Amino acid sequence: MSDHPVLHVKGRVLAGPDDVRDELWVVDGRISHDRPGGARDVRTVTGWALPGLVDAHCHVGLGAHGPVDADEAEKQALADREAGTLLIRDAGSPSDTRWVDDRDDLPKIIRAGRHIARTRRYIRGYAHEIEPDDLVAYVAQEARRGDGWVKLVGDWIDREVGDLAPSWPREAAEAAIAEAHRLGARVTAHCFAENSLRDLVEAGIDCIEHATGLTEDLIPLFAERGVAIVPTLVNIATFPRLADGGESKFPRWSAHMRRLHERRYDTVRSAYDAGIPVFVGTDAGGTLPHGLVAAEVAELVTAGIPPLDALAATTWTARAWLGRPGLEEGAPADLVVYDTDPRTDVRVLADPRRVVVNGRVTA
């Protein structure tokens, strides 16, 4: 045995939506479904256990005006951990957060490198701002820097048009996505509008963030291609405030943002009903606080996704989608324990009883 304490988790262990076990053990920081021999100083935790929650759209190291220092990034990661988020897909950050990998008390991060945006068509200080001729080169660069993902900004306000508009010509997107795939990376894109989606999906993109512009005519295309969405509904809730702030300069954009907000729940439910994979993401970082994963799961339920599927979107299916283990034999012991069954009421997620990271109880 190492210096890791032996942990005995008793009660109900939700290894899958229908795979409920009475207990598991944590030995040397890893999960075992067999009682270890000769274990001493065993700590027992009781309750309903889930794999560590997944926030599939989060930004550790990003603040309102761009990168933040390591102390602030640590606070962000700790806020996520305390909420039970133990696996993060960092959907774009200008900060180097590789130091987190050396900390066995912080969530694990899957990085998408830095955002790639069109020149002067995104939030200042966040992205590489480039023109289409350079897109393939920058995608290749971020594919090599990331952990199997690249993040594009698929649309943003075009000040000359006064509304949201696509960032990339179809042929540039096709070449860039093909290059990412050649390098073994998947590609996702920030998209609010309707008119950026078809070209990106037909160009082979793997995922769309926000997806507020998803319409009935596009849903079959997403479903056929297996393109996932991460709706970030806790972020979409800010659209009315953003629209109010832009009303005087960009009334067309403001009206568009309000329409996207008004239909947000119908959009997500229609996507789910069509079989489009839907995952939990908060868009924490920038202007949103970290630790909102429970609120986002609740928003998916409000949108009409059944509670068990909304729970899976931050646990079992989310981990499988990202290629990370859950509560399998030998997996790192990242789990969250609750007082009652989260399958029957997802609001339980807001109040974890215990958080276990790499086999150590941290909260």
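Definitions and limits used
- Residues numbered from 1 in each chain as written.
- Predicted model: local features only at pLDDT ≥ 70, side-chain atom pairs only at ≥ 80, totals over all residues.
- Heavy atoms only, no water.
- Pairing = 2+ DSSP bridges.
- Helix = DSSP H or I, 4+ residues; strand = E, 2+ residues; numbered from the N terminus.
- 1 Å grid on protein atoms, 1.4 Å probe; cavity = no way out; pocket = protein on both sides within 12 Å on 5 of 7 lines; lining within 4 Å.
- Points joined across faces, edges and corners; volume = space filled by probe spheres on them.
- Nonpolar A, V, L, I, M, F, W, Y, C, P; charged D, E, K, R; others polar.
- Buried < 20%, exposed > 50% of the residue type's maximum accessible area, 1.4 Å probe, protein only.
- Contact = heavy atoms within 4.5 Å.
- Axes fitted to C-alpha atoms, helices over the stretch in contact; angles between N-to-C directions.
- Parallel < 35°, antiparallel > 145°, perpendicular 65-115°, else oblique.
- Left-handed = near helix turned anticlockwise from the far one by under 90°.
- Polar contact = N/O pair within 3.5 Å; in protein donor to acceptor, adjacent residues only side chain to side chain.
- Core = buried A, V, L, I, M, F, W, Y, C linked by side-chain atoms within 4.5 Å.

Draft legend 1. Representation of the sheet that holds strand β1 (residues 7-14) within the structure. Taken together, 7 strands build an open sheet; the order of strands is β3-β2-β1-β4-β18-β19-β20 and the sheet is mixed. Each having just a single partner strand, β3 (30-32) and β20 (360-361) make up the two edges of the open sheet. Taken together, the 3 bridges between strand β18 (residues 335-338) and strand β19 (residues 354-357) define a ladder with antiparallel strand orientation. Across the sheet, the residue bridging to Val337 is Arg354, located in β19.

Draft legend 2. Quick peek at the layout of surface pockets. Considering only enclosed or pocket space, the largest pocket measures out at about 790 Å³ in volume. Ile123, Trp156, Phe192, Leu242 and Trp253 are, among the 32 residues lining the largest pocket, the residues nearest its centre. Its residues placed into classes, the lining of the largest pocket shows 15 nonpolar, 12 polar and 5 charged. Here the second largest pocket defines a volume of roughly 220 Å³. Around the second largest pocket, the lining comprises 16 residues; the ones closest to its centre are Ser93, Ser95, Asp96, Gly113 and Arg114. Looking at the lining of the second largest pocket, its residues break down into 2 nonpolar, 7 polar and 7 charged.

Draft legend 3. Molecular detail of empty space enclosed by the protein. Summed over the entire model, instances satisfying the criterion amount to 1 cavity of 30 Å³ or more. Its boundaries defined by the atoms lining it, the largest cavity holds a volume of some 40 Å³. Taken together, His210, Ala211, Thr212, Ile229, Pro231, Leu233, Ile236, Arg264, Thr267 and Val268 make up the lining of the largest cavity. Where the lining of the largest cavity is concerned, the elements lending two or more residues are α6 (233-236) and α9 (264-273). Residue contributions to the lining of the largest cavity peak at 3 residues, all from α9. Tallied by class, the residues present in the lining of the largest cavity amount to 6 nonpolar, 3 polar and 1 charged.

Draft legend 4. Structural detail: helix α10 (residues 293-302). Within the span of α10, buried status applies to Val293, Ala294, Glu296, Val297, Glu299 and Leu300. Looking at the buried residues of α10, the elements they touch are β5 (53-58), β8 (85-90), α6, α9 and α11 (307-312). Just downstream of α10, Gly304 is the residue with a positive phi angle, here 115 degrees.

Draft legend 5. Structural context of the packing of helix α2 (residues 135-145) against helix α3 (residues 170-182). In the contact formed by α2 and α3, the axes pass within 9 Å of each other and the chain directions differ by 25 degrees. In terms of axis orientation, α2 runs roughly parallel to α3. Note that α2 runs across α3; the crossing there is right-handed. Contacts between α2 and α3 involve Leu135, Val136, Val139, Ala140 and Arg144 from the first element and Ala172, Ala173, Ala175, Ala176, Glu179, Ala180 and Arg182 from the second. A per-class count over the contact of α2 with α3 returns 9 nonpolar, no polar and 3 charged.

Draft legend 6. Spatial organisation of the side chain of Thr188. Along the polypeptide, Thr188 turns up in strand β15 (residues 186-191). Within polar-contact distance, the side chain of Thr188 engages the side chain of Glu209 at 2.4 Å. If sequence neighbours within four positions are ignored, Thr188 has contacts with Arg89, Trp149, Val150, Lys151, Leu152, Ile205, Cys207, Ile208 and Glu209.

Draft legend 7. Inspection of the nonpolar core at higher detail. Counting residues in hydrophobic clusters, the biggest one holds 60 residues, and the most contacted among them are Leu135, Leu152, Ile205, Ile208, Leu214, Phe222 and Leu300. Broken down by element, this core gets its largest block of residues, 5 residues, from α3. What Leu135 contacts, discounting residues up to four positions off in sequence, is Ile116, Ile130, Leu152, Trp168, Ala172, Ala173 and Ala176. With 18 residues, the next largest nonpolar core counts Tyr126, Trp156, Ile157 and Phe239 among its residues.

Draft legend 8. Representation of the sheet that holds β5 within the structure. Taken together, the 3 strands give an open sheet; going across it, the order is β5-β8-β9, and neighbouring strands pair in parallel fashion. Two strands in the sheet have a free side with no partner beyond their single neighbour: β5 and β9 (108-111). Ignoring which end each strand starts from, the neighbouring axes of this sheet average 20 degrees apart. The pairing of β5 with β8 spans 4 bridges and is classified as parallel. From the neighbouring strand, Val54 faces β8, where its bridge partner is Leu87.

Take it as geometry only, folks, not as evidence of what the structure does.
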